[in-house]
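# Tertiary structure, described
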Amino acid sequence: MQQILREHQTYPPNVVASITSWEVWKTLKGKDLKDQCDWVELRVDALPPELAPEQVMEFRPDMPLLVTVRCHEEGGLRRMPEEERFSLLRAYMPYATAIDIEIKSMRHGRELVMEAADRGILVIGSTHDFQITPGVDYLREQEKKARAYRADIVKFAFTPCVAGDIQTGVQLFKKPKGPIAVMGMGPMGPVSFTPSWAPAWCTATWGTGRRPPASGMSPSSRKPSATSVPFSDNSGDSFPALS
């Protein structure tokens, strides 16, 4: 399995460039984008539905690949039945370093998760709320569920509405059961990552690159922003890194 968290790595984190455009993806064939990002996330839900994985992978950059088929209720760009999303994830597994699956779907996707584990593919269990910041007890329960379904990393994305909501992320970093990712979205997203938030290991920032590439991806600063996601484990264990 390729490694995802560098031992004793300090801030700044790696950058994950999320691709939601077929036209942009087609410009990346064989490219080494390490001057712009550390991983590439392919949002399959954003691709034209008639494309087969083999066609899509003809344009794959020379980078570790996170494959996501986001459900519409949590920000997906195309409405698909759950089984269709699972089928797409399975079809892209031969190319994936990691896959992302919503926590609420993991119960029905147990076989998919087990297959990913057997292939040495990392599994990110994620949950998204575009309206509010849920309570920390609720989010910890979501983490517990995701761990039970064998998620390697648990990702929380929520929308801070008042200053007190930022403390939710602080609390999540205090008692993780393993690697976690936390994303602040909306107008308060940029201020949801302050020095007091910074975990001991903060190794991934979700964005679209460190600087504007020729392909048209917008830049993502090393400074946390509305799309910043640190992977953190404060347990003291060491975790490997994508490289």
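Note that the coordinates shown come from a computational prediction; the quantities given were computed from them, not determined experimentally.

## Description of the environment of His-72
Summarising the element assignment, His-72 is placed in the loop between β3 (65-68) and α3 (82-92). Since its relative accessible area comes to 31%, His-72 is described here as partly exposed. In this structure, the C-alpha to C-alpha distance between His-72 and Asp-45, residues 27 residues apart in sequence, is 8.7 Å. Filtering out sequence-adjacent residues up to four positions away, His-72 remains in contact with Arg-78 and Arg-79. Only 3.3 Å separates the side chain of His-72 from the side chain of Arg-79, close enough to count as a polar contact.

## Here we look at the pairing of strand β5 (residues 122-128)
Burial analysis of β5 places seven of its seven residues in the buried class, the great majority of the element. The side-chain alternation of β5 yields two buried faces, one formed by Leu-122, Ile-124, Ser-126 and His-128 and the other by Val-123, Gly-125 and Thr-127. With five bridges connecting them, strand β4 (residues 98-102) and β5 associate as parallel partners. Bridging across to β5, Ile-101 finds its partner in Gly-125. Across five bridges, β5 lies against strand β6 (residues 153-158) in parallel orientation. Directly across from Ile-124, in β6, lies its bridge partner Ile-153. Chirality of the crossover, the property in question, places the unit of β5, helix α6 (residues 136-148) and β6 among those that are right-handed.

## Some remarks on the packing of aromatic side chains
This structure, assessed with the given rule, holds one aromatic pair. Aromatic pair Trp-22 and Phe-59: ring centres 5.5 Å apart, planes at 90 degrees, arrangement edge-to-face. Of this pair, Trp-22 sits in helix α1 (residues 22-25) while Phe-59 is found in the loop between α2 (53-57) and β3, placing the two residues 37 residues apart along the sequence.

Conventions used here
Residues numbered from 1 in each chain as written. Predicted model: local features only at pLDDT ≥ 70, side-chain atom pairs only at ≥ 80, totals over all residues. Heavy atoms only, no water. Helix = DSSP H or I, 4+ residues; strand = E, 2+ residues; numbered from the N terminus. Buried < 20%, exposed > 50% of the residue type's maximum accessible area, 1.4 Å probe, protein only. Contact = heavy atoms within 4.5 Å. Polar contact = N/O pair within 3.5 Å; in protein donor to acceptor, adjacent residues only side chain to side chain. Pairing = 2+ DSSP bridges. Right-handed = clockwise from strand over helix to strand, strands pointing away. Phe/Tyr/Trp six-rings, centres within 6.5 Å; stacked < 30°, edge-to-face > 60°.

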